[in-house]
Amino acid sequence: NAGVTQTPKFRILKIGQSMTLQCTQDMNHNYMYWYRQDPGMGLKLIYYSVGAGITDKGEVPNGYNVSRSTTEDFPLRLELAAPSQTSVYFCASTGTLNTGELFFGEGSRLTVL
Amino acid sequence: EDKVVQSPLSLVVHEGDTVTLNCSYEVTNFRSLLWYKQEKKAPTFLFMLTSSGIEKKSGRLSSILDKKELFSILNITATQTGDSAVYLCAHTGGGTSYGKLTFGQGTILTVHP
């Protein structure tokens, strides 16, 4: 099993450009999450999904969109990138909420200039 | 809006000291309280707490939940330099927030030799 795979690992964007961060998991997990982490801060929830076809907003959804057409994939779309979106993005998944353990991807470092 | 607040934001100690990290929460539908440790990369799972007054232990780390006062503490005894990390508290929601997993801002622990 590869676990949770995020691509790309690093990306530099210009203001106003758009991009998609890819996240895929091969563990058949229903629950998937996108977080952003700014330097010295905790994780802020952007969007989450409790199953294919179901997504919901987290704490900081503005400027982002997601889709969940399959169990495996949960891409995060950034439209009209802004410097405030410079951050490290983590995708995570879990098969159950009964253990509390999330499986994280390695993170994607995004810089918007 | 659901909130998780951690204190202190940072802490510097010497090896052998005992530390207590705090996490208070305000949630509409509480399901569980989680602790994670983050070193260089993605967070790793420590504990899940669902019931008041029951201590979870793993080696030198222990944690307890008070559902009446809405807080949890993480204790680390006989600290080592390898305990230096960001410690994150999170809660999972129930009801209309089912599946939502929200983190606090973290406590940065630095352990000097």
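Remember, predicted model here, so these are calculated numbers, not experimental data.

> Requested: an account of the overall build of chain B, with residues and values cited.
Per the secondary structure count, chain B includes zero helices and 11 strands. Sequence-ordered secondary structure for chain B, helices as α and strands as β, is β-β-β-β-β-β-β-β-β-β-β. For chain B, whose C-alpha radius of gyration is 14 Å, the value lies close to the compact-globule estimate of 13 Å for 113 residues. Over its C-alpha atoms, taken along the principal directions, chain B stretches across nearly 45 × 30 × 20 Å. Looking at chain B residue by residue over its 113 residues, the buried ones come to 46%. Within chain B, the 10 negative side-chain charges are centred at a point lying 6 Å from the centre of the 11 positive side-chain charges.

> So, the overall build of chain A: which residues are in play, and what are the values?
Regarding its fold elements, chain A presents zero helices and 11 strands. Over its C-alpha atoms chain A spans a radius of gyration of 13 Å, differing by no more than 12% from the 13 Å that the globule rule assigns to 113 residues. Along the first, second and third principal axes, the C-alpha atoms of chain A reach 40 × 30 × 25 Å. Expressed as a percentage of its 113 residues, the buried residues of chain A come to 47%. For chain A, restricting intrachain contacts to residue pairs at least 6 apart in sequence, the fraction spanning at least 24 positions comes to 53%. Carbon and sulfur atoms provide 51% of the accessible area of chain A, an area that totals close to 5300 Å². Both charge centroids of chain A, one from 9 positive and one from 9 negative side chains, sit 11 Å from each other.

> Describe the packing of aromatic side chains, with residues and values.
Summed over all chains, the structure comprises 10 aromatic pairs over all chains. Taken together, a centroid distance of 6.1 Å and an interplanar angle of 20° make the contact between A:Y33 and A:Y35 stacked. Residue A:Y33 is classed as buried on the basis of its relative accessible area of 0%. When the centroid spacing of 6.2 Å and the interplanar angle of 85° are considered together, the rings of A:F104 and B:Y36 count as edge-to-face. You can see A:F104 sitting in strand β10 (residues 103–104) and its partner B:Y36 sitting in strand β4 (residues 30–38), one on each of two chains.

> Summarise the sheet that holds strand β7 (residues 64–66) of chain A; cite the residues concerned and give the values.
All names here are of chain A. Across the sheet, which stays open at both edges, the four strands sit in the order β1-β3-β8-β7 with antiparallel pairing between neighbours. With one partner strand each, in any of the chains shown, β1 (4–7) and β7 form the two edges of the open sheet. Looking at each pair of strands side by side, their axes are set apart by 20° on average, direction ignored. By the bridge criterion, three bridges tie strand β3 (residues 19–25) to strand β8 (residues 76–78) in an arrangement that is antiparallel. Note that in β8 the partner of L21 across the bridge is L76.

> Which residues make up the sheet that holds strand β1 (residues 3–7) of chain B, and what values do they have?
Residues and elements named next belong to chain B. Pairing is antiparallel in the open sheet, where five strands are placed in the order β1-β3-β8-β7-β6. In this open sheet, the two strands that pair with only one neighbour each are β1 and β6 (56–58). The average angle at which neighbouring strand axes cross in this sheet is 15°, direction not considered. Here strand β7 (residues 61–66) pairs with strand β8 (residues 71–76) via six bridges, running antiparallel. For D66, the partnering residue across the bridge sits in β8 and is F71.

> Mind laying out the environment of B:S7, listing which residues take part and the relevant values?
Residues and elements named next belong to chain B. Locating S7 in the fold gives a position in strand β1. Measuring from C-alpha to C-alpha, the distance between S7 and F45 comes to 19 Å, with 38 residues separating the pair along the chain. Those residues in contact with S7 that sit more than four places away from it in its chain are L21, N22 and T107.

> Would you mind going over the layout of surface pockets in detail, with residue names and values included?
Looking at the largest pocket, its volume works out to about 560 Å³. Of all the elements in the fold, those that place two or more residues in the lining of the largest pocket are β9 (87–94) and β11 (108–112) of chain A together with β9 (85–93) and β11 (107–112) of chain B. Top contributing element to the lining of the largest pocket by residue count: β11(A), with four residues. Along the lines of polarity and charge, the residues of the lining of the largest pocket split into 10 nonpolar, nine polar and seven charged. Estimated volume of the second largest pocket: approximately 180 Å³. Around the second largest pocket sit 14 residues that line it, and A:E59, B:V4, B:F103, B:G104 and B:Q105 are the ones nearest its centre. When contributions to the lining of the second largest pocket are tallied by element, the ones reaching two or more residues are β5 (43–51) of chain A together with β1 and β10 (101–103) of chain B. It is β1(B) that provides the largest number of residues to the lining of the second largest pocket, a total of three residues. Across the lining of the second largest pocket, the residue classes tally to five nonpolar, four polar and five charged.

Cut-offs and rules
Residues numbered from 1 in each chain as written. Chains lettered and ligands numbered in written order. Predicted model: local features only at pLDDT ≥ 70, side-chain atom pairs only at ≥ 80, totals over all residues. Heavy atoms only, no water. Helix = DSSP H or I, 4+ residues; strand = E, 2+ residues; numbered from the N terminus. Rg over C-alpha atoms; globule rule 2.2 N^0.38 Å. Buried < 20%, exposed > 50% of the residue type's maximum accessible area, 1.4 Å probe, protein only. Lys, Arg positive; Asp, Glu negative; His and termini not counted. Charge placed at Lys NZ, Arg CZ, Asp CG, Glu CD. Contact = heavy atoms within 4.5 Å. Areas by Shrake-Rupley, 256 points an atom, 1.4 Å probe, with all protein chains shown as cover. Phe/Tyr/Trp six-rings, centres within 6.5 Å; stacked < 30°, edge-to-face > 60°. Pairing = 2+ DSSP bridges. Axes fitted to C-alpha atoms, helices over the stretch in contact; angles between N-to-C directions. 1 Å grid on protein atoms, 1.4 Å probe; cavity = no way out; pocket = protein on both sides within 12 Å on 5 of 7 lines; lining within 4 Å. Points joined across faces, edges and corners; volume = space filled by probe spheres on them. Nonpolar A, V, L, I, M, F, W, Y, C, P; charged D, E, K, R; others polar.

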